[in-house]
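Observations on chain architecture
This is what each chain is made of:
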Amino acid sequence: MATTALPTLAIDSSQHNLDSLHRAICSAAQKPLAEARALPAAAFTDPSHFAWEREHILRRQWLSVAHVSQLQYTGDFVNLELLGERISVVNSGDGGIKVLSRVCAHRGMDVMPPEFGHQEQGNCTQYRCPYHHWVYGLDGNVKGAPFMKEHPEIAEKSLRLHEFTSAVWQGFVLVNFSGDAAPVTTLFAGLDSYLQRWRMEELTMVADIGWDCPFNWKVLVENFMEPYHHAGAHHTLFQPIMPAQGCWTDAEGEHFQVCHLPLSEALQQKVKQGEPQLLSFLPMPGLLQSDFLEWTVYLAAPATLLFVAADRVYWYRLQPLAADRMHIRTTMLVHPDSVAADNYPQVLAEEIELMRAFHLEDMEMCSAVQSGLTSATYRPGPLNALEQPLWLFQRYLARQIEQHSLARSEVARE
Ligand code: FES
Ligand SMILES: [Fe+2]
């Protein structure tokens, strides 16, 4: 019997799938916490959703790229690739800290390509593009170009490396690629009362480890923020000292989250008797006694993660690369006076070992979760109340989706 080909449906199926995923995220986010469930797998695996997040969340919000202790002197730089942009975070001297694109204004070469042996961090007096040796100052303005002195754009120095919008917040340099995000001081104002006693702008970075991660960036955000897994993944490292069942999350912040990890009852008793616990480095000056009773995790959305104790701050720098891949750096910051202690080298080595150990436990979990998310048998399971940060993050994502749809329908009306 003769058959005829089915007519092609006149819809863009990837857009259709994306819209239905976004509806699923928004409807998950509307449930009360007691009914909350994990997100559909596609939220972590679908390349078109990752492309959407990249454009409409990650590039439109503030992302942390460096700590000021890495940029103390004029010419100090930190280079990285973030969301497809090769950037240089630089102390430009009088101009302050800038985030410059490394794309040459001549023909697009990276002015400091890692492929040519340029380090990720160091000090420079200027940028010289390896291709035709155009030279740029630390402010990004072109200073010269071989045999083109007379060219008006060189003579007038009107060409430059693009400067992205940046801000320094709590000692961290944040970039906003779209240039139109609300000010960090507004978005994260609610975190100031928690963080200001640490004076993070005065801390020094003593550990910085890079990791290639075979999982979605949100898998890490969720893992970082929820303490439920202390009872599982960290049952030897964290559960005895910060038991999952004592942890709690603060009320919703529109652009941030705070989750408290109190020390065990026994450790808290000792702190209250004047014996501070779990201090390997000098505690930050000016903390309250209550600051010694817990460790705390923070999310400055979408992806700035801080894990804060009385004597240290862990900062994770995230570089999402694809739906199922990212690079991160796990760093540790301490008060600079700690470095002068006699036993500092040994203490530091032990603490770096601890940082590696607990992060390796998280890496194993996150990698296996990503693998599970690609299985046909995956179904979003119910969340425990200790996973409130996941529910809050779903609500954050839903707000971003709704704002985008609103903007899209306004454009359609015009
Ligand atoms: S591309 Fe940079 S100088 Fe030509
Ligand atoms: Fe963890």
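Definitions and limits used
Residues numbered from 1 in each chain as written. Chains lettered and ligands numbered in written order. Predicted model: local features only at pLDDT ≥ 70, side-chain atom pairs only at ≥ 80, totals over all residues. Pairing = 2+ DSSP bridges. Helix = DSSP H or I, 4+ residues; strand = E, 2+ residues; numbered from the N terminus. Buried ≥ 20, exposed ≤ 12 C-beta atoms within 10 Å, placed from the backbone. Contact = placed C-beta atoms within 7 Å. Arc of directions from axis to C-beta. Domains from an automatic or database assignment. Axes fitted to C-alpha atoms, helices over the stretch in contact; angles between N-to-C directions. Parallel < 35°, antiparallel > 145°, perpendicular 65-115°, else oblique. Left-handed = near helix turned anticlockwise from the far one by under 90°. Nonpolar A, V, L, I, M, F, W, Y, C, P; charged D, E, K, R; others polar. pLDDT = per-residue confidence, 0-100. Core = buried A, V, L, I, M, F, W, Y, C linked by C-beta atoms within 7 Å.

1. Some points on the pairing of strand β16 (residues 312-322)
Of the strand pairs in this sheet, strand β15 (residues 304-309) and β16 are connected by five bridges, and their pairing is antiparallel. If you follow L305 over to β16, its bridge partner there is Y316. In textbook terms, the turn of a hairpin is the stretch between consecutive antiparallel strands, and for β15 and β16 this stretch comprises two residues. Inspection of the sheet shows β16 paired to strand β17 (residues 325-334) by nine bridges, in the antiparallel sense. Looking at the pairing, Y316 lines up with T330 of β17.

2. Quick word on the sheet that holds strand β11 (residues 204-213)
If you trace the seven strands from one edge of the open sheet to the other, you get β11-β17-β16-β15-β14-β13-β12, paired in antiparallel fashion. Strands with a single pairing partner mark the edges of an open sheet, and in this sheet they are β11 and β12 (248-249). Strand direction decides the pairing type here: strand β13 (residues 256-262) and strand β14 (residues 294-300), joined by seven bridges, are antiparallel. Counterpart to L261 in the pairing with β14 is W295.

3. A word on the environment of Q257
Position of Q257 relative to the elements: it lies in strand β13. For Q257, a count of 24 C-beta atoms within 10 Å corresponds to the buried category. Through-space distance from the C-alpha of Q257 to that of I97 is 27 Å; in sequence the pair is 160 residues apart. Ignoring sequence-local partners within four residues, the contact set of Q257 consists of M225, T249, Y298, L299, P389 and L392.

4. Side note on helix α3 (residues 47-58)
For α3, every residue scored as buried is listed here: H49, F50, E53 and L58. Along the axis of α3, the buried positions cluster into a sector of 100 degrees, meaning they face one direction only.

5. Digging into the domain arrangement of the protein chain
For the protein chain, the domain assignment lists domain 1 (68-167) and domain 2 (185-393). Averaged C-alpha coordinates put domain 1 and domain 2 at centres separated by 33 Å. Every contact between the two is made by six residues of domain 1 and, on the other side, five residues of domain 2.

6. Things to note about unusual backbone geometry
Here A301 and P302 are connected by a cis peptide whose omega angle stands at 10 degrees. Tracing the sequence through the fold places P302 in the loop between β14 and β15. Its identity is not glycine, yet L83 carries a phi of approximately 50 degrees, on the positive side. Along the polypeptide, L83 turns up in the loop between β2 (76-82) and β3 (85-91). We note that F147 has phi near 60 degrees; this positive angle belongs to a residue other than glycine. Topologically, F147 is positioned in the loop between β8 (142-144) and α4 (152-155). Among the residues examined, F147 registers 8 C-beta atoms within 10 Å and is labelled exposed.

7. Brief notes about the sheet that holds β8
Judged by pairing direction, the sheet is antiparallel, and its three strands sit side by side in the order β6-β7-β8 without closing on themselves. In the strand order of this sheet, the two ends are held by β6 (127-128) and β8, each with one partner. In this structure, strand β7 (residues 135-136) lies alongside β8, joined through two bridges in antiparallel fashion. Note on β8: the bridge partner recorded for Y136 is V142.

8. Considerations on the environment of E53
Looking at where E53 falls in the secondary structure, it is placed in helix α3. We classify E53 as buried; it has 24 C-beta atoms within 10 Å. Linking E53 and I401, residues 348 residues apart in sequence, is a C-alpha distance of 9.1 Å.

9. Some words on the packing of helix α7 (residues 217-225) against helix α9 (residues 344-373)
Where α7 contacts α9, the axes come no closer than 10 Å and their chain directions differ by 135 degrees. Put simply, α7 runs oblique to α9. Classified by chirality, the crossing of α9 by α7 is right-handed. Facing V219, L220 and N223 of α7, the residues of α9 in contact are D362, M365, C366, V369 and Q370. Of the residues in the contact of α7 with α9, the class split is five nonpolar, two polar and one charged.

10. Describing the confidence of the model for the protein chain
Put simply, the protein chain has an average pLDDT of 95, and 97% of its residues get 70 or more. Below pLDDT 50 for its whole length, residues 6-11 participates in one contact with residues either more than four positions away or in separate chains.

11. Focus: the nonpolar core
Ranked by internal contacts, the top residues of the largest apolar core, which has 110 residues, are V65, V89, L174, L220, V221, Y298 and V313. Take this core: its biggest share by element is seven residues, from helix α10 (residues 388-413). Residue assignment places this core across two domains, with domain 1 (68-167) and domain 2 (185-393) each supplying three or more. When near neighbours in sequence (up to four residues on either side) are disregarded, V313 contacts W198, M200, L203, L306, V308 and L333.

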